[in-house]
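An overview of the molecular structure
One-letter residues, chain by chain:
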Amino acid sequence: MENRRIVAGHLSALGTILIWGVTFISTKLLLKDFTPIEILLFRFVIGYIALFLVYPHRLKTKDFKEELLFALSGLCGVTLYFLLENIALTFTLAANVGIIVSIAPLFTALLAYFFDGENLRTEFFMGFIIAIIGIVLVMLNGSYILRVNPLGDILASLAAIVWAVYSVLMRRISRFNYHTIGCTRKVFFYGLLFMLPALFFVPFHFDFYTFTKVQNMFNLLFLGLGASAVCFVSWNWSVSILGAVKTSVYIYIVPVITIAASALILHELITWVAFVGVLLTLAGLYISERKTVKIVKQIDV
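Cut-offs used in this document
Residues numbered from 1 in each chain as written. Predicted model: local features only at pLDDT ≥ 70, side-chain atom pairs only at ≥ 80, totals over all residues. Heavy atoms only, no water. Core = buried A, V, L, I, M, F, W, Y, C linked by side-chain atoms within 4.5 Å. Buried < 20%, exposed > 50% of the residue type's maximum accessible area, 1.4 Å probe, protein only. Helix = DSSP H or I, 4+ residues; strand = E, 2+ residues; numbered from the N terminus. Contact = heavy atoms within 4.5 Å. Phe/Tyr/Trp six-rings, centres within 6.5 Å; stacked < 30°, edge-to-face > 60°. Polar contact = N/O pair within 3.5 Å; in protein donor to acceptor, adjacent residues only side chain to side chain. Expected span 1.5 Å × (residues − 1). Bend = angle between axes of the 7 residues up to and from the residue. Axes fitted to C-alpha atoms, helices over the stretch in contact; angles between N-to-C directions. Parallel < 35°, antiparallel > 145°, perpendicular 65-115°, else oblique. Left-handed = near helix turned anticlockwise from the far one by under 90°. Nonpolar A, V, L, I, M, F, W, Y, C, P; charged D, E, K, R; others polar. Patch = residues over 30% accessible without salt bridge, like charges linked within 9 Å, V, L, I, M, F, W, Y side chains within 5 Å. Areas by Shrake-Rupley, 256 points an atom, 1.4 Å probe, with all protein chains shown as cover. Salt bridge = Lys/Arg side-chain N within 4 Å of Asp/Glu carboxyl O.

Moving on: the nonpolar core. The biggest cluster of nonpolar side chains holds 82 residues, and the ones touching the most others in it are Phe-44, Trp-163 and Phe-232. Here this core takes 11 residues from helix 8 (residues 150-174), the largest share from any one element. Every residue in contact with Trp-163, bar those within four places of it in the chain, is listed here: Trp-20, Gly-77, Tyr-81, Ala-104, Phe-232, Trp-235 and Ile-251.

Dropping the structure here:
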């Protein structure tokens, strides 16, 4: 039974990443009529409403410490991560952001090791190096040259760090044994709450006409229902089963899914360089997930 749960956890993480890898396409299409903060707000409002309809019960925490963990998860996993990533895209190349954000599993592993007692494996680092090389090749796709843009690259790095913090926080929250959908809905609530102050500092307007376009409505529903409501629930469930480190490794293949979707939907060209990158990325994922000798953190009792 336990093996089935682990397999289900891996399949859930993989399915989540398959959807998240396509979100870039939807966001790119929506940017023609919406600003980044508008897309972010609308998608999570839709996601919150969907989760409320599925699970309308109130999730009451036991104490302030538990409530604080939910608030921090919403701040990191929803508000800060997406704002930092979107703002970074305005200062640096998309390839830079894609590569830097893909380093999140390393930050997750280090945080989980020092603050949550999760084990690290030597092959995790081997797979990480191979996957990052592959991700660089995928993002460059034979047609771009990475250029250092300090502000944008720093913001992308911060995005990777706050996602790592979110993953570790959700691992701790999973130990409370609350309903996964209820947990995710509470995280969304705090994410939206912390998002509100940003509306006073960035352009935001509500134009009903933009919602009447079929393409816009489809993409917003995809981001809100699929990429937010469903995927955050499935990702949090995978974290509760596999742990923050094992689940985060699947982030490696986000660029692979994105470039494949770009080729199918936007008819962008995939070069042989990107194809080699795909193979290296998948190899890195495989190596990172292999069972091997663990580096066990010694904890004094």
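Structure's up, so let's keep going.
Tallied over the full model, the rule gives 23 aromatic pairs. Between Tyr-81 and Trp-163, the ring centres sit 5.1 Å apart and the planes meet at 50°, which makes this aromatic pair tilted. Pair noted here: Tyr-81 is in helix 4 (residues 64-89) and Trp-163 is in helix 8, with a separation of 82 residues, a long-range link. There is no split in this pair, since Tyr-81 and Trp-163 are both buried. Considering the side-chain rings of Phe-124 and Phe-125, the 5.3 Å spacing of their centres and the 85° angle between planes classify their relative orientation as edge-to-face. On the basis of relative accessibility, which here comes to 1%, the residue Phe-124 falls in the buried class.

Moving on to the environment of Ser-73. Inspection of the secondary structure puts Ser-73 in helix 4. The exposure class assigned to Ser-73 is buried, which follows from its relative accessible area of 0%. Spatially, the C-alpha atom of Ser-73 lies 8.9 Å from that of Phe-188, the residues being 115 residues apart in sequence. Non-local contacts of Ser-73, meaning those with residues more than four positions away in its chain, are made with Val-78, Tyr-166, Leu-169, Met-170, Ile-173 and Val-187. Polar contacts involving the side chain of Ser-73 include one to the main-chain carbonyl oxygen of Leu-69, which spans 2.8 Å.

So, about the side chain of Thr-23. The topology assignment puts Thr-23 in helix 2 (residues 23-30). Classification of Thr-23 by relative accessible area gives buried; the value is 13%. Looking at Thr-23, its side chain comes within polar contact range of the main-chain oxygen of Trp-20, at 2.6 Å. The contacts of Thr-23, once residues within four sequence positions are left out, are Phe-222, Leu-223 and Ala-227.

Further remarks concern helix 4. Compared with an ideal rise of 1.5 Å per residue, which puts 26 residues at 38 Å, helix 4 spans 36 Å between its outermost C-alpha atoms and is within 8% of the ideal. Bending of helix 4 peaks at approximately 35° at the position of Leu-80.

Turning next to the packing of helix 4 against helix 9 (residues 180-195). With their axes 7 Å apart at the nearest point, helix 4 and helix 9 run at an angle of 65° to one another. Relative to helix 9, the element helix 4 is oriented roughly perpendicular. In terms of crossing hand, the pair formed by helix 4 and helix 9 is right-handed. Here Glu-67, Phe-70, Ala-71, Ser-73, Gly-74, Leu-75, Val-78 and Thr-79 of helix 4 come into contact with helix 9, specifically with Cys-183, Lys-186, Val-187, Phe-188, Tyr-190, Gly-191, Phe-194 and Met-195. For the contact of helix 4 with helix 9, the class distribution of residues is 10 nonpolar, four polar and two charged.

It is worth spelling out helix 6 (residues 104-115) at this point. With 12 residues, helix 6 ought to run about 16 Å at 1.5 Å a step, and its terminal C-alpha atoms sit 16 Å apart, in line with that. Turning to helix 6, its buried residues number three or more, namely Ala-104, Pro-105, Leu-106, Thr-108, Ala-109, Ala-112 and Tyr-113. Immediately downstream of helix 6, the backbone of Gly-117 shows phi near 75°, a positive value.

This brings us to a nonpolar patch on the surface. Together, Val-45, Ile-49, Phe-52 and Leu-53 line one region of the surface with nonpolar side chains, adding up to about 370 Å² of accessible area. Take Leu-53: it is sitting in helix 3 (residues 36-54). Take Leu-53: its relative accessible area is 64%, and that puts it in the exposed class.

In this fold, Ile-259 is placed in helix 13 (residues 254-265). Note: C-alpha distance between Ile-259 and Thr-27 (232 residues apart in sequence) is 14 Å.

Trans is the prevailing form of peptide bonds, just as negative phi is the prevailing case for residues other than glycine. The backbone of Asn-177 sits at a positive phi, close to 60°, despite the residue not being glycine. Within the secondary structure layout, Asn-177 lies in the loop between helix 8 and helix 9. Using a relative accessible area of 68% as the deciding quantity, one classes Asn-177 as exposed.

Further remarks concern the pattern of salt bridges. This model, assessed by the stated rule, comprises two salt bridges. Lys-213 is paired through a salt bridge with Asp-33; the nearest N and O atoms lie 3.2 Å apart. Here Lys-213, found in the loop between helix 10 (208-211) and helix 11 (214-242), pairs with Asp-33, found in the loop between helix 2 and helix 3; they are 180 residues apart in sequence, far enough to count as distant. A salt bridge links Glu-67 to Lys-186; the nearest nitrogen and oxygen atoms lie 3.2 Å apart. Note that Glu-67 is positioned in helix 4 and Lys-186 in helix 9, a separation of 119 residues in sequence.

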